[in-house]
Amino acid sequence: MPDAVHTRDAVETAARIRAGEVSAREVLEAAIQRAEEVDRRIGAIVTPTFDRARSEVERGLAPDAPLAGVPTLVKDLDDVAGVPTGFGSRAFRGYVPTATSPAVTQFLASGVISLGKSAAPEFGLTATTEPVGRPPTRNPWNQRHTVGGSSGGAAAAVAAGIVPIAYATDGGGSIRIPASCCGLVGLKPSRGRFVELPNMRGLPVKLAVHNVVTRSVRDTAAQMAAAERYASSPDHLPPIGHVQGGATRQLRVAVVTDSPTGVAVDAEVVQATEDVAKRLEHLGHRIEAISSPVDAAFEDDFLMYWALLALGVRAIGRQLIGRGFDAAQLDPWTSGLAASLRARAHLVPGAIARLRRFAGQYAAMFAEFDVLLCPTLATPPPPLGHLSVELPYDVHLDRVRQFVSFTPVQNIAGAPAVSVPAAVSSDGLPIGVQLAGVVGDDRTMLELAFDLEAAIGWEHPVAPR
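Residues numbered from 1 in each chain as written. Predicted model: local features only at pLDDT ≥ 70, side-chain atom pairs only at ≥ 80, totals over all residues. Heavy atoms only, no water.

Caption draft 1: Spatial organisation of the overall build of the chain. Along its length, the chain carries 14 helices and 13 strands. The globule rule puts the C-alpha radius of gyration for 465 residues at 23 Å, and the 20 Å found for the chain is close to it. Structurally, the chain occupies a C-alpha span of about 60 × 55 × 45 Å along its principal axes. The buried share of the chain, reckoned over its 465 residues, is 60%. Carbon and sulfur atoms form 51% of the exposed surface of the chain, whose accessible area is close to 17,200 Å². Of the charged side chains in the chain, 43 are positive and 48 negative, and the gap between their average positions amounts to 5 Å. (Helix = DSSP H or I, 4+ residues; strand = E, 2+ residues; numbered from the N terminus. Rg over C-alpha atoms; globule rule 2.2 N^0.38 Å. Buried < 20%, exposed > 50% of the residue type's maximum accessible area, 1.4 Å probe, protein only. Areas by Shrake-Rupley, 256 points an atom, 1.4 Å probe, with all protein chains shown as cover. Lys, Arg positive; Asp, Glu negative; His and termini not counted. Charge placed at Lys NZ, Arg CZ, Asp CG, Glu CD.)

See below:
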């Protein structure tokens, strides 16, 4: 079964296993073979657990799990009992958790079988997967370019056909950024939709949530339905259910092509966004172009809070592994980001207060429309090294700003947003666009993604090698 994982999505793979057309062991071995052939070039997997996966399959699949037997990976920022968690960092080597993260448990409840841990930058704090101390994760579309971050290893593995679906997290765009870079579907769910990530407990603004990156909309919808069955959504969020098709009502879609931070947006990215707007209009939706509704001061507040998270890495390290944690081994970007806060620490309470109020301001934006359409990223994926964490702090910061400006908005608002493949650049690299909605309206994001998948057609479900 050489193509069991390479060319098929998770829903079809699970259906074939249930029908007895192929065994879960055959699917697993095909995925392992693909990993051994491909991953030495792209560096998506940091800790393979192939034998552990074989043992899990031998013990038998969960009978009612919708994606039983489908191979996957877990991002190396979250714990799997007995498997090292490296956090993409030299400073955390030697940490082996004894319990699996509740968020990972929710993900695995769909029946997927993990082949190991996928690569991420240090603590997910930047938009590329090039951590110090190990080779970079390379984009399967062009191995000289970034795969994005922070769920870079997950996206690379899915785009390369190692697995059809992979666990990912998103604190500032970390599902949507690599999805855009790799021509994938990446949906950041509403805050509170799924089990809370352990590292969000107690924070004044809870940025990060978990979900998946996939090659098909139906895989994302199936996983979200499975996660909802495992732990139902809280009362303030309407249930999603199992979405299996497009929108059935006319929607008011606001289109933004200028960056909230004022950076220049690549002409091909703008064109891709406008082309998607035309497709949505052809599907019967009302389209209106607007200027970015986000205040320019938002970026500065977000960066201060992001720096506060970087400062907290040291405390987390000491808590997890005690004297074994070596803060001197943190990446230059992490250390520089934390240091940037020292002179501005007195401004942090005001920034947090404004960020906490932003959810209400974001909701008010939707008084006149239902969906916000914008680029996922301001440019196609840049070459490796352009976003290196070993660059001087100010250089790295400026380059990240030029690349990522659209995605953090929904993290602060707690709102759903999905990046879908929209075009391929003149250099042959994927360009994604983002659809965003109000808190709780995850279902509409999936429905519009289904519509665009049918209208555009993902011509390259697996990246060319």
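Caption draft 2: Spotlight on the packing of helix α8 (residues 267-282) against helix α14 (residues 442-456). Where α8 contacts α14, the axes come no closer than 11 Å and their chain directions differ by 100°. In this view, α8 runs roughly perpendicular relative to α14, as classed from their interaxial angle. Every residue of α14 that contacts α8 at Val276, Arg279 and Leu280 is listed here: Leu448, Leu452, Ala455 and Ile456. Per-class residue counts for the contact of α8 with α14 are 6 nonpolar, no polar and 1 charged. (Axes fitted to C-alpha atoms, helices over the stretch in contact; angles between N-to-C directions. Parallel < 35°, antiparallel > 145°, perpendicular 65-115°, else oblique. Contact = heavy atoms within 4.5 Å. Nonpolar A, V, L, I, M, F, W, Y, C, P; charged D, E, K, R; others polar.)

Caption draft 3: Looking closely at the packing of aromatic side chains. Counting across every chain of the model gives 13 aromatic pairs. Note on phenylalanine 298 and phenylalanine 302: the rings are 6.3 Å apart at their centroids and 20° apart in plane angle, and the pair reads as stacked. Of this pair, phenylalanine 298 and phenylalanine 302 both sit in helix α9 (residues 297-321), 4 residues apart, which is roughly one turn of the helix. This pair shows no difference in class: phenylalanine 298 is buried, exactly as phenylalanine 302 is. Ring geometry for tyrosine 362 versus phenylalanine 366: centroids 5.0 Å apart, planes at 50°, classification tilted. You'll find tyrosine 362 and phenylalanine 366 in the same group, each marked buried. Clustering of aromatic rings is evident, with ring pairs tying together Phe298, Phe302, Trp306, Phe358, Tyr362, Phe366 and Phe369. (Phe/Tyr/Trp six-rings, centres within 6.5 Å; stacked < 30°, edge-to-face > 60°.)

Caption draft 4: Examining the nonpolar core more closely. Within the largest apolar cluster, 86 residues are counted, with the highest numbers of intra-cluster contacts made by Phe92, Phe358, Tyr362, Leu373 and Leu435. A total of 9 residues in this core trace back to one element, the largest contributor, which is α9. Non-local contacts of leucine 435, meaning those with residues more than four positions away in its chain, are made with Leu280, Val371, Leu372, Leu373, Pro416, Ala417, Val418, Met445, Leu448, Ala449 and Leu452. Counting 46 residues, the second-largest nonpolar core is a separate cluster that includes Val22, Ala35, Ala53 and Ile113. (Core = buried A, V, L, I, M, F, W, Y, C linked by side-chain atoms within 4.5 Å.)

Caption draft 5: Examining the sheet that holds strand β12 (residues 417-424) more closely. Pairing in this open sheet of 8 strands is mixed, and the strands run β6-β8-β7-β12-β13-β11-β9-β10 from one edge to the other. Looking at the sheet topology across the chains shown, the edges are occupied by β6 (165-170) and β10 (286-289). In this sheet, adjacent strand axes meet at a mean angle of 25° when their direction is disregarded. Sheet analysis places strand β7 (residues 185-188) next to strand β8 (residues 209-214), joined by 2 bridges and oriented antiparallel. Residue valine 185 lies in a different strand from β8, and its bridge partner there is threonine 214. Seen against the sheet, helix α7 (residues 217-230) touches β6, β7 and β8 and runs at an angle of roughly 145° to β8. (Pairing = 2+ DSSP bridges.)

Caption draft 6: Main features of the state of the cysteines. Applying the stated criterion to the full structure yields 0 disulfides. Here cysteine 374 stays unpaired: no disulfide links it, and the sulfur of cysteine 181, its closest cysteine neighbor, is 15 Å away. With a relative accessible area of 3%, cysteine 374 lands in the buried category. (Disulfide = S-S within 2.5 Å.)

Caption draft 7: Region of interest: the pairing of strand β3 (residues 113-118). By the criterion of burial, β3 is predominantly enclosed, with 6 of the 6 residues buried. The pairing of strand β1 (residues 45-48) with β3 spans 3 bridges and is classified as antiparallel. Considered in β3, the bridge of threonine 47 is made with lysine 117. Summarising the sheet, strand β2 (residues 71-75) and β3 pair through 4 bridges and their orientation is parallel. The partner of proline 71 across the bridge, within β3, is isoleucine 113. What joins β2 to β3 is helix α4 (residues 102-108), and the crossover it makes is right-handed. (Right-handed = clockwise from strand over helix to strand, strands pointing away.)

Caption draft 8: The arrangement of helix α5 (residues 152-159) in detail. α5 sits mainly inside the fold: 8 of its 8 residues count as buried. Every buried residue of α5 is listed here: Gly152, Gly153, Ala154, Ala155, Ala156, Ala157, Val158 and Ala159. Glycine 161 sits one or two positions beyond α5 and adopts a positive phi of about 80°.

Read these as geometric descriptors, not functional statements.
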